[in-house]
Amino acid sequence: MTRRNCREMSVGELTPLGQWERPGEFFRLRLEGEGFARWTPGQFVMLRPLAWGPEILWGRPFSIAGADAGGVEIFFQVVGRGTARLAQLAPGEGVAVWGPLGNGFVLEPGVPVLMLAGGVGLAPFLGYAAAHQQPADLDLFFAHRLPLACYPYAELAATVKAEAMCEAVPADLERIIARMRERMAAMAGAGLVLACGPTPFLRTVRQAALDFGVRAQVSLENRMACGVGACLGCVSRDAHGHHVQVCTQGPVFWAGDVEL
Amino acid sequence: MDMRVNLAGLVLKNPVLTASGTFGFGLEFEGYGDIASLGGIVVKGLSLKPREGNPMPRVAETPCGMLNAIGIQNPGVEVFLKDKLPRLPWRETAIIANLYACDVAEFGDLAGVLAGEEGVAALEVNVSCPNVREGGAAFGQDPLQIVRVTEAVKKRAGGKPVIVKLSPNVTDIGACARAAESGGADAISAVNTLLGMAVDLRTRRPRLANVVGGLSGPAIKPVALRCVFQCLKAVQIPVIGLGGIASAEDALEFLLLGAAAVQVGTANFLRPDFSFRLVEELPRALAGLGAADLDSFRGSLQLPL
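Visitor: So what's going on with the overall build of chain B? Residues and values would help.
Guide: If you tally the helices and strands in chain B, you get 8 helices and 16 strands. Its C-alpha atoms give chain B a radius of gyration of 18 Å, near enough to 19 Å, the size a compact globule of 305 residues would have. Judged by the C-alpha coordinates and their principal axes, chain B covers about 50 × 50 × 45 Å. When contacts within chain B are restricted to residue pairs at least 6 apart in sequence, long-range pairs at least 24 apart make up 70% of them.

As structure tokens, this is what we get:
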């Protein structure tokens, strides 16, 4: 029987990031085993530790931060009971992994790319920078609330041109939005904008893309039960008002094709 | 071990069916196992016309379960017949259409559309929907309405077995089962989801846009077992058990009561190969209990004297 898309992997490394700032909130997880020979940055995986009993039912979706034939890496923030349990995984523990799922970002060699990341939305861009043939064509704008050490930012800033702005107090938000729009306006005509982050962040990106006529893709992160298009729990509306499944028709959409 | 099941004349290769709304049209799971190895697939609820379904959020995880209020989003029966059914291995496994309508005549029309389709093995009727012509109360909460819907579907089903899927949100599920039987149902599936609700203290909002939704998952298994037990006592026709099955042992508990077959629902979300693994594990689990075969095990529950 073929089970090519659901495999059991084991916990390799689970590394807390910036633990001196906010203990136990951000983690990088590497799972080892039969990895993914083929995947596209922006695609995601569903994870469910084998030891989870019936108390927590669903797997959890995560952007692929990196993958190779021997494993897959994700970056996550503890936001609820599922991620809190993932943060307690021990090396060697078994995890059911299904994926790669959904559609990733476009890769267009030679085209300047502005990557816009909000908080934990940085994850897919680690994979994007690794997969891109000319990382020198990539620019990153990163909006965050917690100290930079909480995110795998330095690693990315080593390979691409990166700018970060911190929303330390609510008044910072206006400056960040103005700067994002400025950066996006500069991409009009020639470039491509890729964005991942919370919905209000993506809404700003979508609006700027429409205002400036910039080609932009947004990666949505709706709550999911199955990840494979069966439960219809993760839908968003497309430009015509029809429901589209974020897991199988996204999570990456052209900004003009989806309502936010 | 011979795991075949004769369900009202419909022969299933094993007793594992996937429950409507949890397995898409089956095609979504092709990458995770051999869908032809399943006893059958009950497809996503179908209506005559396409339905957009409910607004978001539509699902909420709860302890040992989940709530859903999807609202029968589906592309309509015609799209199913044209685009989905031809791609399904219907010669090798039973494809069961799940019918959703909001009045009796519409149920009959839907059955009529499916009746002549060679690839559809049976019809499962979802009576948990509101009856828009009769004040909006769910068909499934009124035995008289269950009789009428069952008769309407049976009359137009072209001889295909008709399964009525009962709601647990009733005072006397045995009466509902008898209503389905008297309306001509060939089998019963029990149970659909339990009506539930979850709220978010921080936002002070319900966790579903629809406010209330259907509870499923291991949390409901004891209720489902009780419902199946009461249905089995009430009728002669076969009963398909479902509600919270998340292991081979759970499936065997329903078979022990006397269920003819089982449906796996929410557990398909635990991992997408769950049902395929269950098909493989069930004979081993049955043998592990010392059972010679499925037929001798089924219904062997020992009740107190």
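Visitor: How would you sum up the nonpolar core? Please name residues and give values.
Guide: Among the nonpolar cores identified, the biggest contains 187 residues, and B:Ile188, B:Val228 and B:Val262 are the most heavily contacted of them. Looking at which element gives the most residues to this core, the answer is helix α5 (residues 221-234) of chain B, with 8 residues.

Visitor: I'd like to hear about the interface of chain B and chain A, residue by residue, with values.
Guide: Facing 34 residues of chain B, the contacting portion of chain A comprises 25 residues. Counting only elements with at least two residues in the side of chain B that touches chain A, the list comes to β5 (59-62) and β6 (65-68) of chain B. Considering each element in turn, the side of chain B that touches chain A owes the most residues, 3 residues, to β6(B). Looking at side-chain class alone, the side of chain B that touches chain A contains 16 nonpolar, 11 polar and 7 charged residues.

Visitor: I'd like a rundown of the domain arrangement of chain A, residues and numbers included.
Guide: Residues and elements named next belong to chain A. Here chain A is partitioned into domain 1 (6-101), domain 2 (105-218) and domain 3 (220-260). Put simply, the middle of domain 2 and the middle of domain 3, counted by C-alpha atoms, are 21 Å apart. Contact with domain 2, which involves 11 residues of that partner, is made by 7 residues of domain 3. Secondary-structure elements contributing two or more residues to the side of domain 2 that touches domain 3 are α5 (199-212) and β12 (215-219). When its residues are assigned to classes, the side of domain 2 that touches domain 3 shows 7 nonpolar, 2 polar and 2 charged.

Visitor: Explain the environment of A:Val252 residue by residue, including any values.
Guide: All names here are of chain A. Checked against the element boundaries, Val-252 lands in strand β15 (residues 252-254). Sequence separation of Val-252 and Thr-199 is 53 residues, and the distance between their C-alpha atoms is 13 Å. Excluding anything up to four places from it in sequence, Val-252 contacts Gly-42, Asn-103, Gly-104, Phe-105, Gln-217 and Ser-219.

Visitor: Outline the packing of helix α4 (residues 173-182) of chain B against α5(B), supporting the account with residue identities and numerical values.
Guide: All names here are of chain B. Between α4 and α5, the shortest axis-to-axis distance is 8 Å and the interhelical angle comes to 50°. Put simply, α4 runs oblique to α5. Remark: the crossing between α4 and α5 carries right-handed chirality. Within the contact between the two elements, α4 uses Ile-173, Gly-174, Ala-177 and Arg-178 and α5 uses Cys-227, Gln-230, Cys-231, Lys-233 and Ala-234. Across the contact of α4 with α5, the residue classes tally to 5 nonpolar, 2 polar and 2 charged.

Visitor: Go over the sheet that holds strand β10 (residues 161-166) of chain A, please, and point to the residues and values.
Guide: All names here are of chain A. Reading across from one edge, β10-β9-β8-β11-β12-β15 is the order of the 6 strands in this open sheet, with mixed pairing throughout. This sheet does not close on itself; its edge strands, each paired only once, are β10 and β15. Here the average twist between neighbouring strands, direction ignored, is 20°. Inspection of the sheet shows strand β8 (residues 113-118) paired to strand β9 (residues 138-144) by 6 bridges, in the parallel sense. Considered in β9, the bridge of Gly-118 is made with Ala-143. On top of the sheet, α5 reaches β8, β9, β11 (192-196) and β12; it is set at about 165° to β12, its chief contact.

Visitor: Report on the packing of helix α3 (residues 143-156) of chain B against α4(B), specifying residues and quantitative values.
Guide: Residue and element names in this part refer to chain B. Packing of α3 against α4 brings their axes to within 8 Å, and their N-to-C directions diverge by 25°. As summarised for this structure, α3 and α4 are arranged roughly parallel, according to the angle between their axes. Both α3 and α4 take part in a crossing whose hand is right-handed. Together, Pro-143, Ile-146, Val-147 and Thr-150 of α3 and Ala-175, Cys-176, Ala-179, Ala-180 and Ser-182 of α4 make up the contact between the two elements. Residues belonging to the contact of α3 with α4 are distributed by class as follows: 7 nonpolar, 2 polar and no charged.

Visitor: Outline α4(B), listing residues and values.
Guide: Each α-helix winds once per 3.6 residues, and so residues spaced three or four apart point in a common direction. All names here are of chain B. All of the buried residues along α4 are Ile-173, Cys-176, Ala-177, Ala-179, Ala-180 and Glu-181. Lining the buried residues of α4 we find α3, β9 (162-166), β10 (187-190) and α5. Just downstream of α4 lies Gly-184, where phi reads positive at about 105°.

Visitor: Got a sec to walk through unusual backbone geometry? Specific residues and values, please.
Guide: The phi angle of most residues is negative, glycine excepted, and most peptide bonds adopt the trans form. Here the bond from A:Gly250 into A:Pro251 is cis, since omega is 5°, no more than 30 degrees from zero. By secondary structure assignment, the location of A:Pro251 is in the loop between α6 (246-249) and β15. Residue B:Pro57 is bonded to the preceding B:Met56 through a cis peptide linkage, with omega at -5°. In this model, A:Leu232 sits at a positive phi of 60°, which is unusual for a non-glycine residue. The residue A:Leu232 is located in the loop between β12 and β13 (236-237) in this model. Residue A:Leu232 is classed as buried on the basis of its C-beta count, with 24 C-beta atoms lying within 10 Å. Residue B:Arg204 is not a glycine yet carries a positive backbone phi of 60°.

What counts, and where the lines are drawn
- Residues numbered from 1 in each chain as written.
- Chains lettered and ligands numbered in written order.
- Predicted model: local features only at pLDDT ≥ 70, side-chain atom pairs only at ≥ 80, totals over all residues.
- Helix = DSSP H or I, 4+ residues; strand = E, 2+ residues; numbered from the N terminus.
- Rg over C-alpha atoms; globule rule 2.2 N^0.38 Å.
- Contact = placed C-beta atoms within 7 Å.
- Core = buried A, V, L, I, M, F, W, Y, C linked by C-beta atoms within 7 Å.
- Buried ≥ 20, exposed ≤ 12 C-beta atoms within 10 Å, placed from the backbone.
- Nonpolar A, V, L, I, M, F, W, Y, C, P; charged D, E, K, R; others polar.
- Domains from an automatic or database assignment.
- Axes fitted to C-alpha atoms, helices over the stretch in contact; angles between N-to-C directions.
- Parallel < 35°, antiparallel > 145°, perpendicular 65-115°, else oblique.
- Left-handed = near helix turned anticlockwise from the far one by under 90°.
- Pairing = 2+ DSSP bridges.

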